[in-house]
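# Structural overview
Chain by chain, the residues run as shown.
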Amino acid sequence: DEDNANGILNGHRDQPLTSIGLEQAKSVAEKIKQQGLTFDAIYSSPLQRAHRTAEIIYSAIQTNNNDRNKKNEKKIQVLDDLIERDFGIMEGVPTKEIITRCSPDVLQTEKICYFLCPKGAETFPNLIERANKLLDHIYSLHPPSSSQSSSSILLVTHGDFGKM
């Protein structure tokens, strides 16, 4: 989205995909299609950048997924818990300001700098708790049956949440 392209922390900001983001989504969708992957269900974050990605993937895999999709009433289901981490006061702030605004509560790697607990932000322990709750919910929706050992589920979410 525009925030990512401009080095802005987006969090819950609901920006559309840029042309580059659309191309990246199409590339992922094509790779999924080429591998012949199918899904019993597709779940997406409510934010439009993730939901649009899910739509692109869904459209691309129709030939792979035809039998499974006939069973599903909804093609993509939105789950609010798939939303990106709440960045609190850091939402909308340039990434280059993370160290200045959040030190010493940062984790710095070669490629990225994580802020740990700015005012109003979801902490990583909170994020892990939300991820575990979501997985429990998905397992309850797709319990293994005697004829099928497990379901194939696609979750379309965001960077920090996806790392949990």
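Definitions and cut-offs
Sequence positions are assigned chain by chain, starting from 1 and proceeding in written order. Only residues with pLDDT of at least 70 are given local features in this predicted model, and only at 80 or more are side-chain atom pairs given and counted; all residues enter the totals for whole chains, interfaces and linings. Based on all heavy atoms of the structure, the side-chain values leave hydrogens and waters out of the count. Secondary structure elements follow DSSP: runs of H or I no shorter than four residues count as helices, runs of E no shorter than two count as strands, and numbering proceeds from the N terminus. Contacts are assigned to residue pairs with any non-hydrogen atoms lying within 4.5 Å of each other. The Shrake-Rupley method, run with a 1.4 Å probe, gives the accessible areas here. Residue values count only the displayed protein chains as cover. The salt bridge criterion pairs a side-chain nitrogen of Lys or Arg with a carboxyl oxygen of Asp or Glu, the two atoms within 4 Å. A simple rule labels every residue: compare its accessible area, found with a 1.4 Å probe on the protein chains alone, to the largest value its type can have, and call it buried under 20%, exposed over 50%, or partly exposed in between. Here the expected span of a helix is defined as 1.5 Å times the quantity of residues minus one. Along the arc lie the directions from the helix axis toward the C-beta atoms. Axis definition: a line fitted to C-alpha atoms, limited for helices to the stretch in contact. Angles are taken between N-to-C directions and run from 0 to 180 degrees. Crossing handedness is read from the near helix: turned anticlockwise from the far helix by less than a right angle, it gives a left-handed crossing, and turned clockwise, a right-handed one. Only Asp, Glu, Lys and Arg are considered charged, only Ala, Val, Leu, Ile, Met, Phe, Trp, Tyr, Cys and Pro nonpolar, and every remaining residue, Gly among them, polar. Only residues whose relative accessible area exceeds 30% and that form no salt bridge enter a patch; like-charged residues are grouped when within 9 Å of one another, and nonpolar side chains (Val, Leu, Ile, Met, Phe, Trp, Tyr) when within 5 Å. Note: two strands are recorded as paired if DSSP finds a minimum of 2 bridges between them.

## A word on the overall build of the protein chain
A count of helices and strands for the protein chain gives seven helices and five strands. Expressed as a percentage of contacts within the protein chain between residues at least 6 apart in sequence, the contacts between residues at least 24 apart total 76%. With an accessible surface of roughly 9,700 Å², the protein chain has 50% of that area assigned to carbon and sulfur atoms.

## Describing the pattern of salt bridges
Scanning the model with the defined rule gives eight salt bridges in all. With its nearest N and O atoms 3.4 Å apart, the salt bridge here joins arginine 52 to glutamate 55. With a gap of three residues between them, arginine 52 and glutamate 55 both fall in helix α3 (residues 48–60), about one helical turn apart. For arginine 52, a relative accessible area of 37% translates into the label partly exposed. Its salt-bridge partner being aspartate 81, residue lysine 133 comes within 3.4 Å of it at the nearest N-O pair. In this pair, lysine 133 is assigned in helix α6 (residues 124–141) and aspartate 81 in the loop between β2 (77–78) and α5 (98–102), connecting sequence segments 52 residues apart.

## A short note on unusual backbone geometry
Residue proline 104 is bonded to the preceding serine 103 through a cis peptide linkage, with omega at 10°. Relative to the helices and strands, proline 104 is located in the loop between α5 and β3 (106–108).

## Some points on α6
In this model, α6 (18 residues) spans 26 Å end to end at C-alpha, consistent with the 26 Å of a helix rising 1.5 Å per residue. Taken together, the buried positions of α6 are Phe124, Leu127, Arg130, Ala131, Leu134 and Ile138. One side of α6 holds all its buried residues, which, seen down the axis, span an arc of 115°. For α6, the exposed residues set more than 90 degrees away from the buried face come down to Pro125, Glu129, Lys133, Asp136 and Tyr139. Its buried side turned inward, α6 meets β4 (113–115), β5 (153–156) and α7 (159–162).

## Things to note about the packing of helix α2 (residues 19–34) against α3
Put simply, α2 and α3 touch, their axes get as near as 8 Å, and they point 35° apart. Our pair here, α2 against α3, has a crossing hand that is right-handed. Two secondary-structure elements touch here, α2 through Leu22, Ala25, Lys26, Val28, Ala29, Ile32 and Lys33 and α3 through Arg52, Thr53, Ile56, Ile57 and Ala60. Residues belonging to the contact of α2 with α3 are distributed by class as follows: eight nonpolar, one polar and three charged.

## Points about a nonpolar patch on the surface
On the surface, Leu135, Tyr139 and Leu155 cluster together into a nonpolar patch covering about 290 Å² of accessible area. Mapped onto the secondary structure, leucine 155 falls in strand β5. With a relative accessible area of 33%, leucine 155 lands in the partly exposed category.

## Observations concerning the pairing of β5
On β5, burial follows the alternation: Leu154 and Val156 on one face are buried, whereas Ile153 and Leu155 on the facing-out side are not. As paired elements, strand β1 (residues 41–44) and β5 share four bridges and run parallel to each other. Along β5, the bridge assignment pairs isoleucine 42 with leucine 154.

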